[in-house]
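Understanding the architecture of this molecule
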Amino acid sequence: MSDTAQLLTAFGLSIVAAPVLLLAVFFGAFLTNRRLGEELIGRLIQGTMSVSLLSALAASAIMLWHRVAQHPIELGDWVITAHYHLKFEFVLDLLSLSYVMLTLVLCAVIGAFSTRYLHREPGYQRFFVLFAIFLLGMVTASLSDTVETLFAGWEMVGLSSVLLIAFFQERPSPPRNGLRVWVVYRICDVALMLAAILMHEINGGGDFDHLVGDQAWPAHDPLLIGPHFTMLGVLFVIAAAGKSALVPFSGWLPRAMEGPTPSSAVFYGALSVHLGAFLLLRVSPVLDSSIWLQVAVVVLGLTTSAFAYLAGRVQSDIKSALAFASLTQVGIIIAEIGLGFRYLALLHLLGHACLRTLQFLRAPSLLHDHHQLENAIGSRPREEGVMWEQKLPLSMQRWLYRFSLERGYLDSLLEKCVARPFVALFRGLDELETKWAKLLDGEPKAKEAPRDL
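Owing to the predicted nature of the structure, the values given are computational and were not obtained by experimental measurement. (Residues numbered from 1 in each chain as written. Predicted model: local features only at pLDDT ≥ 70, side-chain atom pairs only at ≥ 80, totals over all residues. Heavy atoms only, no water.)

Moving on, we get to the overall build of the protein chain. Each helix and strand in the protein chain was counted, giving 17 helices and two strands. Over its C-alpha atoms the protein chain spans a radius of gyration of 23 Å, differing by no more than 12% from the 22 Å that the globule rule assigns to 453 residues. Along the longest, intermediate and shortest principal axes, the C-alpha atoms of the protein chain span 70 × 65 × 55 Å. Each of the 453 residues in the protein chain was classed as buried or not, and the buried ones make up 51%. By sequence separation, contacts in the protein chain at least 24 residues apart represent 76% of the contacts at least 6 residues apart. Carbon and sulfur atoms form 64% of the exposed surface of the protein chain, whose accessible area is close to 22,200 Å². Of the charged side chains in the protein chain, 34 are positive and 37 negative, and the gap between their average positions amounts to 10 Å. (Helix = DSSP H or I, 4+ residues; strand = E, 2+ residues; numbered from the N terminus. Rg over C-alpha atoms; globule rule 2.2 N^0.38 Å. Buried < 20%, exposed > 50% of the residue type's maximum accessible area, 1.4 Å probe, protein only. Contact = heavy atoms within 4.5 Å. Areas by Shrake-Rupley, 256 points an atom, 1.4 Å probe, with all protein chains shown as cover. Lys, Arg positive; Asp, Glu negative; His and termini not counted. Charge placed at Lys NZ, Arg CZ, Asp CG, Glu CD.)

Okay, the packing of helix H5 (residues 147–165) against helix H6 (residues 173–203) next. In contact at an axis separation of 9 Å, H5 and H6 are set at 175° when each is read in the N-to-C sense. For the element pair H5 / H6, the angle class is roughly antiparallel. Considered class by class, the residues forming the contact of H5 with H6 number 16 nonpolar, five polar and four charged. (Axes fitted to C-alpha atoms, helices over the stretch in contact; angles between N-to-C directions. Parallel < 35°, antiparallel > 145°, perpendicular 65-115°, else oblique. Nonpolar A, V, L, I, M, F, W, Y, C, P; charged D, E, K, R; others polar.)

Attention now goes to the environment of Val91. Tracing the chain through its elements places Val91 in strand S2 (residues 85–92). Looking at Val91, the relative accessible area reads 2%, which means it is buried. Expressed as a C-alpha distance, the spacing of Val91 and Thr146, which sit 55 residues apart in the sequence, is 9.1 Å. Beyond its immediate chain neighbours, meaning those up to four positions away, Val91 contacts Gln70, His71, Pro72, Ser96, Leu143, Ser144, Asp145 and Arg282.

Further remarks concern helix H4 (residues 124–143). In this model, H4 (20 residues) spans 29 Å end to end at C-alpha, consistent with the 28 Å of a helix rising 1.5 Å per residue. Of all 20 residues in H4, 19 are buried; the element is thus mostly enclosed. (Expected span 1.5 Å × (residues − 1).)

What follows covers the nonpolar core. In this structure, Trp252, Leu271 and Leu279 are the most contacted members of the largest nonpolar core, which totals 123 residues. At 15 residues, H4 tops the list of elements feeding residues into this core. Look past the residues within four positions of Leu279 in its chain and what remains in contact with it is Leu150, Trp154, Leu192, Phe236, Ala239 and Ala240. (Core = buried A, V, L, I, M, F, W, Y, C linked by side-chain atoms within 4.5 Å.)

Another point: the packing of aromatic side chains. For the coordinates displayed, the defined rule picks out 12 aromatic pairs. Taking 6.0 Å as the distance between ring centres and 75° as the angle between the ring planes, the aromatic pair formed by Trp217 and Tyr343 counts as edge-to-face. You can see Trp217 sitting in the loop between helix H7 (209–212) and helix H8 (230–243) and its partner Tyr343 sitting in helix H14 (residues 342–362), a full 126 residues away along the chain. Between Trp399 and Phe403 the ring centres are 5.2 Å apart and the planes differ by 15°, which places this aromatic pair in the stacked class. (Phe/Tyr/Trp six-rings, centres within 6.5 Å; stacked < 30°, edge-to-face > 60°.)

Once that is clear, we can look at the pattern of salt bridges. Under the defined criterion, the tally for this structure stands at seven salt bridges. Salt-bridge contacts for Asp207 lead to Lys87; the nearest nitrogen and oxygen are separated by 2.9 Å. A residue pair is termed long-range when its members are at least 10 positions apart, and Asp207 in the loop between H6 and H7 and Lys87 in strand S2 qualify at 120 residues. Where salt bridges share partners, they join Lys87, Glu89 and Asp207 into one cluster. (Salt bridge = Lys/Arg side-chain N within 4 Å of Asp/Glu carboxyl O.)

In this section: the side chain of Ser244. Following the sequence through the fold, Ser244 ends up in the loop between H8 and helix H9 (261–270). For Ser244, the side chain forms a polar contact with the main-chain oxygen of Val273, separated by 2.7 Å. Engagement of the side chain of Ser244 in a polar contact is seen with the backbone nitrogen of Gly276, the distance being 3.1 Å. The residues contacting Ser244, other than those within four sequence positions of it, are Val273, His274, Leu275, Gly276, Ala277, Leu327 and Val330. (Polar contact = N/O pair within 3.5 Å; in protein donor to acceptor, adjacent residues only side chain to side chain.)

The buried fraction of S2 is high, at seven of eight residues. Where strand S1 (residues 71–80) meets S2, seven bridges bridge the pair, whose relative direction is antiparallel. Of the residues in S2, the one forming a bridge with Pro72 is Val91. (Pairing = 2+ DSSP bridges.)

Written out as structure tokens, the structure is:
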């Protein structure tokens, strides 16, 4: 291995090692029953971000200087059988380094903001433990070069997101909404797992190299892509739709606003909501296997964007309005990916994540900002003119308003078609397990009353 390759491997591993050490410190404090101070937690967060970000910048500079388009970092085969192998591997390329630097910059901003915003909050240390799990998951998913590595990061992001939605656990609403989001995440996780299994069936491994060849993103070898990749692409699209709240999974997005403002900013305004778009960018050669799949992705993105625009127009609280505004742009990014504009989609994603993070962080002081604006211009901001909705017939306006106010009825649809059957299935399995346990134990036990979803 050349000196350049060794340096890139060292810096690439440093990007991941810093969040791993941060998480190890938190779990060490938990195991020794030691409570860390707010100042120490703030320094640990900023130190971790600094090490990872400097490593990412150094790796990017070396790759630019030596004109290295991509650099794989193999962590070895963890499971090897006659026909399959399970491998964890990272890759440094334009897509992975761009997204991981976006993650580190925004997490550093959110971390600095949170140390002051959550000052003396009873769950201060718990928030930063979940924040560290989220950071490690995002870094792992961003640098992944196999579907197994991506799945590991994907799960850490989903778990930390749901637990932060239920952060204010003393109230009944946050845990209930967190459970709803968890159900939707499980559905998209099943799709991603099926895609991983299908990749192994097709290629005997989950390496993304088998989809793109030896060329760096976004180029790929068209000879590797066949029509049998269409089903694989459909599974990836379902997984991305669940994670990015695309139609018909958009109903969980307003429920995710139950968490603290910093978590809303970093999860649903900046990083987590874009993870589905990142997945489609990573596997974009698969979308080229079928023109119908590309058309479906474009229609899905535009439909999501139109729905989010209508729902966002009638929201009465700033966080929900920003969430639907984010979803509008995410839908456009998905459409750009379907149209084949990969560089444009990446630039759109990076710019939109930064803008929306700033807006979410300023949301608590919206009225103060509005008063400052009025003082600066000497009057109230000019109201919008006649909107296109007002040119529609009155009956159509009323239907459109009700449709938007009910958020396209997607929330009730998810409850009836996804959440209730999902919970009923697992309650049935729980009852079956309880019966078997009683049968084997031989002593009847009191049955715990089921909790409402």
